[in-house]
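Analysis of the macromolecular model
One-letter residues, chain by chain:
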Amino acid sequence: TVTQMQAIANTFDALMADLQTHTTDISQRTDQVEAREHALEAANQQAASMQRFNVGGETFTCALCTLQAHASGGALVLDLGGAAAAQQSMTSSVDAPVPFFDRDPRHFRHVLNFYRNGAQLVSASAMSMMDLIDLEHEAKACREPKLALACRAEIERRDQPVFGDIRRESER
């Protein structure tokens, strides 16, 4: 009868509406899952490009591109780059051994910043004269001539008469 046909049509319309709602929900959830998978893949790629080093008992982390940007730099960057390559060839486990460098960790952050900032000694003005001298010595020990020269330039700049007078005043 007509009433039964109308009831069947209404039920069919309700089922189609439910199907459309569920299809939209599934599509949105699929998009969310794909977005999470993409974010996880990007995080994994970023983690794979990060290198860890133990310098004098402290762990430092830097991007592989920081080391690659200074591939023509001094011996330390070559040592770090070699350690990074060895680290990449191992499993990406958190338990993978971290290369150890017997250097002063107080100065190593300045070395990494020197690499990161395109061979510019960024925080030199905030460093004491003794720290600059120590960093220059460390740069020479690491065979990083550009960093040693940047330290020497800042030391000599501070030795100018104006800075020398200020330094003598502060020592009184």
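Scroll up to find the structure.
A brief look at the structure comes next. All values reported here derive from a predicted model rather than from experimental measurement. (Residues numbered from 1 in each chain as written. Predicted model: local features only at pLDDT ≥ 70, side-chain atom pairs only at ≥ 80, totals over all residues. Heavy atoms only, no water.)

Secondary structure summary: the protein contains 7 helices and 3 strands in total. Along its sequence from the N terminus, the protein presents helices and strands in the succession α-β-β-α-α-β-α-α-α-α. Expressed as a percentage of the 172 residues in the protein, the buried residues total 27%. A separation threshold of at least 6 residues defines the contact pool for the protein, and within that pool the share at least 24 residues apart is 62%. (Helix = DSSP H or I, 4+ residues; strand = E, 2+ residues; numbered from the N terminus. Buried < 20%, exposed > 50% of the residue type's maximum accessible area, 1.4 Å probe, protein only. Contact = heavy atoms within 4.5 Å.)

So, on to the sheet that holds strand 1 (residues 50-55). Across the sheet, which stays open at both edges, the 3 strands sit in the order 2-1-3 with mixed pairing between neighbours. The sheet is open, and its two borders are formed by strand 2 (58-63) and strand 3 (100-101), each paired with just one other strand. In the packing of helix 4 (residues 105-116) onto the sheet, the strands contacted are strand 1 and strand 2, and the crossing angle to strand 2 comes to about 5°. (Pairing = 2+ DSSP bridges. Axes fitted to C-alpha atoms, helices over the stretch in contact; angles between N-to-C directions.)

All right, on to the pattern of salt bridges then. Pairing between side chains of opposite charge can happen when the charged atoms of each approach one another. All told, the structure shown has 9 salt bridges when counted by the stated rule. A salt bridge links E138 to R103, with the shortest nitrogen-to-oxygen separation between them at 2.7 Å. Separated by 35 residues along the polypeptide, E138 in helix 5 (residues 129-141) and R103 in the loop between strand 3 and helix 4 bring together distant segments of the chain. A salt bridge links D131 to R106, with the nearest nitrogen and oxygen atoms 3.4 Å apart. Here D131, found in helix 5, pairs with R106, found in helix 4; they are 25 residues apart in sequence, far enough to count as distant. The class for D131 is partly exposed, based on a relative accessible area of 27%. (Salt bridge = Lys/Arg side-chain N within 4 Å of Asp/Glu carboxyl O.)

Now for the packing of helix 5 against helix 6 (residues 145-158). The description of two helices packed together rests on the angle between their axes and the distance between the axes. Helix 6 packs onto helix 5 with a crossing angle of 155° between their chain directions and a minimal axis gap of 8 Å. In terms of axis orientation, helix 5 runs roughly antiparallel to helix 6. Considering only the axes of helix 5 and helix 6, their crossing is left-handed. Counted together, M129, L132, I133, L135, E136, A139 and K140 of helix 5 and L147, A148, C151, R152, E154, I155 and R158 of helix 6 form the full contact between these two elements. For the contact of helix 5 with helix 6, the per-class residue count stands at 9 nonpolar, no polar and 5 charged. (Parallel < 35°, antiparallel > 145°, perpendicular 65-115°, else oblique. Left-handed = near helix turned anticlockwise from the far one by under 90°. Nonpolar A, V, L, I, M, F, W, Y, C, P; charged D, E, K, R; others polar.)

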